[in-house]
Amino acid sequence: MIRALCLIGGLSGAAGLSQYPEFSQQYLQRLAGQVDELTRQVVDFDQTALADGMGREEMLQAMAETPLVASQEALWRRTFARHARLSENLMLLREATPLERLALPHRMADPATLAAVWDDFTPAVPLSVAGAASAGTGFLGGWAGFAILAALVSMPFRRTKPAPATKKRRAPTIKADPPVTRPTLVAETPPNRPRLAGVQR
């Protein structure tokens, strides 16, 4: 049962991750469009500031001190930060190969771009090397994930077997040799000699 679940998890991971190269390619195209639009806005702002004889930071400070457009100052700061972040991500994703993009999912984390790509994404058959590598990685990841999950779920139901009692081995008894008894020499009693009458010995 657990092997069947692990197999299902592996196949699901392979099917899902095999679409990563195509998804990253479509994300890259959308990201390029987002960066182009942000670049146009940034250039227009800088040109407007330059026409007034100010730089970008001076223009932002003037906006913050003007009650009528004070709320626009924070909005433009977020726009400049997003433009810098997405421009860096676009440069790195363009320089990376499809296989190298497998290690760059954090560079494809812009919510607006992700939502736009997901809405128009159409799954494709993975026929490239990157697609095969993604499918293999997804299979291994899905299998390992389901195996770990099954092990955690079944852990409380496992009976703990008592450890077998180890029998103490008695040391072999060595029989001591019987004490050596020295033979006692018994003096021979002389034979009874006949006594002569009247002779005292």
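Residues numbered from 1 in each chain as written. Predicted model: local features only at pLDDT ≥ 70, side-chain atom pairs only at ≥ 80, totals over all residues. Heavy atoms only, no water.

Peer 1: Which parts of the structure should I look at to understand the environment of alanine 84?
Peer 2: Structurally, the position occupied by alanine 84 is in helix α4 (residues 70-95). For alanine 84, a relative accessible area of 47% gives the class partly exposed. Each C-alpha atom, one on alanine 84 and one on threonine 39, is 9.4 Å from the other, the two residues being 45 residues apart in sequence. (Helix = DSSP H or I, 4+ residues; strand = E, 2+ residues; numbered from the N terminus. Buried < 20%, exposed > 50% of the residue type's maximum accessible area, 1.4 Å probe, protein only.)

Peer 1: Sorry if this is basic, but what is going on with the pattern of salt bridges here?
Peer 2: It is possible for side chains bearing opposite charge to pair when their charged atoms get close. For the structure shown, the criterion picks out nine salt bridges. The closest approach of N and O atoms between arginine 77 and glutamate 73, which form a salt bridge, is 2.4 Å. With arginine 77 and glutamate 73 both in helix α4, this residue pair falls four residues apart, about one helical turn. Relative accessible area serves as the criterion here: at 16%, glutamate 73 is assigned to the buried category. The salt bridge partner of aspartate 110 is arginine 82, with a shortest N-O separation of 2.8 Å. Placement of aspartate 110 in the loop between α4 and α5 (111-120) and of arginine 82 in helix α4 is noted, with a sequence separation of 28 residues between them. (Salt bridge = Lys/Arg side-chain N within 4 Å of Asp/Glu carboxyl O.)

Peer 1: Sorry if this is basic, but what is going on with α4 here?
Peer 2: Residues separated by three or four positions in an α-helix point in the same direction, a consequence of the helix having 3.6 residues per turn. Between its terminal C-alpha atoms α4 stretches 39 Å, which fits the 38 Å expected from 26 residues at 1.5 Å a residue. Of all the residues in α4, the buried ones are Glu73, Thr79, Phe80, Arg82, His83, Leu86, Asn89, Leu90 and Leu93. (Expected span 1.5 Å × (residues − 1).)

Just distances and angles here, no functional claims.
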